[in-house]
Amino acid sequence: MARKSGTDAGSSIISLKVALRGTKPPIWRRLLAPADMTPGDLHEAIQAAMGWEGGHLHAFDIGGRHYGDRANVDDVADEGRLTLGEVRRSGVARFGYTYDFGDDWEHTVTIEKTLPAAQGTVYPTCVAGKRACPPEDCGGPWGYQELLDIIADPAHPERAERLEWLGEEFDPEEFSVEVANATLAARFGHG
């Protein structure tokens with residue numbers, strides 16, 4: 001579980017747009033996160049809001065320097081020693097986040113603006129988004145597009161197998177802010 005985040009009076013909140021690269025139409029989430037959130041906790045927030053399960057390695061590329069979990073990833077700076085507020089103050093307006101070094105899910109994280117914390121709101125929170133997150137281990141953006149093409153074609157010879165692999169009815173257009181926030185609340189221990 002990620003560290004608890006809350007809302008101290010006067011705390012700064014940073015609006016972030018997290019967009020998955022290489023997917024058309026775009027898949028994205030808008031998150032509001034405390035300025036004192038570290039990239040390590042941002043990883044947890046992105047996982048929850050996107051719908052990733054968190055079973056793979058990750059890294060951030062912030063201002064040309066790589067950050068990650070030093071216990072699991074070589075040649076990275078400690079993702080727990082930097083905050084989003086420090087990133088914003090350094091002049092970095094966008095940075096990269098890669099999840100699953102095999103499928104290579106690359107995300108662009110854009111710092112949109114800074115806001116005052118709203119009383120009674122628990123952060124991080126997801127305020128908007130579009131489209132379902134691709135399933136884990138589907139082969140990255142190219143494999144995901146192939147999966148979509150196969151399940152959209154009732155005559156495709158692999159369709160039944162792929163639908164069984166998905167394990168449920170998968171709607172690539174579906175996204176729910178409420179589900180994303182329930183997952184965030186569970187991951188951050190509030191709710």
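How each quantity is defined
Residues numbered from 1 in each chain as written. Predicted model: local features only at pLDDT ≥ 70, side-chain atom pairs only at ≥ 80, totals over all residues. Heavy atoms only, no water. Helix = DSSP H or I, 4+ residues; strand = E, 2+ residues; numbered from the N terminus. Contact = heavy atoms within 4.5 Å. Phe/Tyr/Trp six-rings, centres within 6.5 Å; stacked < 30°, edge-to-face > 60°. Buried < 20%, exposed > 50% of the residue type's maximum accessible area, 1.4 Å probe, protein only. Lys NZ or Arg CZ within 6 Å of the ring centre and 35° of its normal. Core = buried A, V, L, I, M, F, W, Y, C linked by side-chain atoms within 4.5 Å. Salt bridge = Lys/Arg side-chain N within 4 Å of Asp/Glu carboxyl O.

Looking now at the environment of L32. Assignment of secondary structure puts L32 in strand β2 (residues 27–34). Between the alpha carbons of L32 and Y123 there is a distance of 6.7 Å; along the sequence they are 91 residues apart. When neighbours within four sequence positions are excluded, L32 is seen to be in contact with I13, I14, S15, L115, Y123, P124, T125 and V127.

Inspection of every chain in the model, using the stated rule, returns 5 aromatic pairs. On the numbers, 5.2 Å between centres and 45° between planes, the contact of W52 with Y99 is tilted. Note that W52 is positioned in the loop between α1 (39–50) and β3 (58–62) and Y99 in strand β6 (residues 94–99), a separation of 47 residues in sequence. As far as burial versus exposure is concerned, W52 and Y99 are alike and both buried. With centroids separated by 6.1 Å and ring planes inclined at 55°, the aromatic side chains of F60 and F95 adopt a geometry described as tilted. Of this pair, F60 sits in strand β3 while F95 sits in strand β6; the two residues are 35 residues apart in sequence, bridging distant segments of the chain. Using a relative accessible area of 4% as the deciding quantity, one classes F95 as buried. The positively charged end of K17 is found above the aromatic ring belonging to W28, 4.7 Å away from the centroid.

Turning to unusual backbone geometry, a few remarks are in order. Here the amide bond leading from K24 into P25 is cis, since omega sits at -5°, within 30 degrees of zero. Topologically, P25 is positioned in the loop between β1 (12–20) and β2. Here Y123 and P124 are connected by a cis peptide whose omega angle stands at 0°. By the secondary structure assignment, P124 is in the loop between β7 (105–116) and β8 (125–130). If you check the backbone angles, D75 has positive phi at about 55° while not being a glycine. For D75, the location among the structural elements is in the loop between β4 (65–68) and β5 (77–78).

Before going further, it helps to examine the nonpolar core. Of all hydrophobic cores here, the largest spans 43 residues; its most connected members are L42, I46 and F95. In terms of residues, this core owes the most to one element, α1, which gives 6 residues. Those residues in contact with I46 that lie beyond four places of it in its chain are V18, L31, G51, W52, F60, Y97 and V109.

Tallied over the full model, the rule gives 7 salt bridges. For E146, the salt bridge identified is with R162, shortest N-O distance 3.7 Å. Residue E146 is located in helix α3 (residues 140–151), and its partner R162 is located in helix α4 (residues 159–166); the two are separated by 16 residues in the primary sequence. E146 sits in the partly exposed class, given a relative accessible area of 43%. Exposure remark for R162: the relative accessible area of 18% places this residue in the buried category. Look at the salt bridges and you will find they share partners, linking E146, E158 and R162 into a network.

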